[in-house]
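Observations on the three-dimensional arrangement
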Amino acid sequence: MTMVPDFEGLAMFAKVAEERSFAAAARVLGLSVATVSRGVSRLEERLGARLFNRTSRRLALTDFGQRLAERASRLYRDAEDAENAARELSASPRGLVRLAVPMSFGLRWVAPLLPDFFKLYPDVSIDMHLSDAVVDLIGEGFDAALRIAVLPDSSLVARRLCGIAPFIVAAPSYLARNGRPGRPRDLDAHHCLGYAYRPRQDVWRFSNAAGDEEVVTPSGPLRVTNSDALVPTVLAGTAIAELPEFIASEYLVDGRLEAILTDWTLPRGALYFVTPSARSRPAKVEAVASFMAAHLSHPGWLPPNSGDTPAEPNRIA
């Protein structure tokens, strides 16, 4: 079995050889003389040869030690360079960030922000994975994700950016032809489109101010893995659908769709910036987090003075 090299012993030896003194090397390394002496002795025992000739007044390299000293010093310098480079990377935003983003949200609201981000952080690049499926950040090697959820995964750390309300919508032509549902259970008589990645897929859970609750199982001619794919069918007056407000808002404003059952609400989700851990987060990830928080804490689909303010970073419960 291959043994791991004694990097610590080699570093101590290199510094003693350079300083020609155990005491001086110990001061430079911030260690005790005894610790340095034990480290060099351990290395000698491992290698089966003496590295120094020691007397009470003089410390000199043996022939074997002389041949090893140059390589050990080079190894020590390489390790210092590696640590300095890593420290610089962690302190200055630089490098690749793998970011997972829901597809429709990413195309509509994240991609348009990226040119400004790259102007601020020219040394950061982003590999943006667009999918409505929830990815395993740790298992799939992602640095972070923008996630829309009601109850996100408790194993991750998140910063809430803003709330996202769902709307039940229909085209005016559909309502004129089929009537307007008065309460959620009336939807059983209507075509209702489905979205595969709902937190509690296959059911819509409604509640109202009086504390009433009703559960509806949507049934209709289409079920999709991306909410934008519902829009043409809803605009055509074929069915009713649930859409998040970052998609629905433009159609509600211009009247192509109408919100129905407005006295009832579905569970309200939120947009989170999610990372595997809040500790020792690289500067490149922190740059993306701060930028997204600044631009998405009150995004364009929210009305002015909506009162939705982001929370501080926290562990998702």
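Everything that follows concerns the structure shown earlier in this document.
Residues numbered from 1 in each chain as written. Predicted model: local features only at pLDDT ≥ 70, side-chain atom pairs only at ≥ 80, totals over all residues. Heavy atoms only, no water.

**Here's the deal with the overall build of the protein chain**
Tallying secondary structure elements over the protein chain gives 10 helices and 16 strands in all. Looking at the protein chain as a whole, 42% of its 317 residues qualify as buried. Contacts spanning at least 24 positions in sequence make up 73% of the contacts within the protein chain whose residues lie at least 6 apart. Surface accessibility of the protein chain: about 17,100 Å² in total, with carbon and sulfur atoms responsible for 51%. (Helix = DSSP H or I, 4+ residues; strand = E, 2+ residues; numbered from the N terminus. Buried < 20%, exposed > 50% of the residue type's maximum accessible area, 1.4 Å probe, protein only. Contact = heavy atoms within 4.5 Å. Areas by Shrake-Rupley, 256 points an atom, 1.4 Å probe, with all protein chains shown as cover.)

**Looking at unusual backbone geometry**
Apart from glycine, the bulk of residues carry a negative phi angle, and the bulk of peptide bonds sit in the trans form. For R20, which is not a glycine, the phi torsion comes out positive at approximately 55°. Locating R20 in the fold gives a position in the loop between α1 (7-19) and α2 (22-29). R20 sits in the partly exposed class, given a relative accessible area of 46%. Despite not being glycine, L261 shows a phi value in the positive range, around 55°. As for its placement among the helices and strands, L261 is situated in the loop between β13 (258-259) and β14 (264-265).

**A look at the environment of R58**
Tracing the sequence through the fold places R58 in the loop between β1 (52-54) and β2 (59-61). Of the residues examined, R58 reaches a relative accessible area of 59% and is grouped as exposed.

**Remarks on the packing of α1 against α2**
Contact geometry of α1 with α2 gives a least axis separation of 8 Å together with a crossing angle of 120°. As far as their axial angle goes, α2 and α1 are oblique. Pair α1 / α2 crosses with right-handed handedness. Residues M12, K15, V16 and E19 of α1 pack against F22, A24, A25, V28 and L29 of α2. Tallied by class, residues from the contact of α1 with α2 come to 7 nonpolar, no polar and 2 charged. (Axes fitted to C-alpha atoms, helices over the stretch in contact; angles between N-to-C directions. Parallel < 35°, antiparallel > 145°, perpendicular 65-115°, else oblique. Left-handed = near helix turned anticlockwise from the far one by under 90°. Nonpolar A, V, L, I, M, F, W, Y, C, P; charged D, E, K, R; others polar.)

**Digging into the side chain of S297**
Relative to the helices and strands, S297 resides in the loop between α10 (283-296) and β16 (314-315). Of the residues examined, S297 reaches a relative accessible area of 12% and is grouped as buried.

**Some details on the nonpolar core**
Core analysis: the largest hydrophobic core is formed by 41 residues, its most contacted members being F105, L146, F273 and M292. Leaving out residues up to four positions away in the same chain, L146 has contacts with L99, A100, V101, P102, F105, V110, L161, L271, Y272, F273, M292 and L296. Residues F22, L51, A69 and Y76 belong to the second largest nonpolar core, which totals 21 residues. (Core = buried A, V, L, I, M, F, W, Y, C linked by side-chain atoms within 4.5 Å.)

**Describing the pairing of strand β15 (residues 269-275)**
Counted residue by residue, β15 has 7 buried out of 7 residues, so it is predominantly covered. Looking at chain direction, strand β5 (residues 144-149) and β15 are connected through 5 bridges and run antiparallel. Paired with I148 across the strands is L271, a residue of β15. Of the pairings in the sheet, the one linking strand β6 (residues 157-164) to β15 comprises 7 bridges and is antiparallel in character. Of the residues in β15, the one forming a bridge with C162 is L271. (Pairing = 2+ DSSP bridges.)

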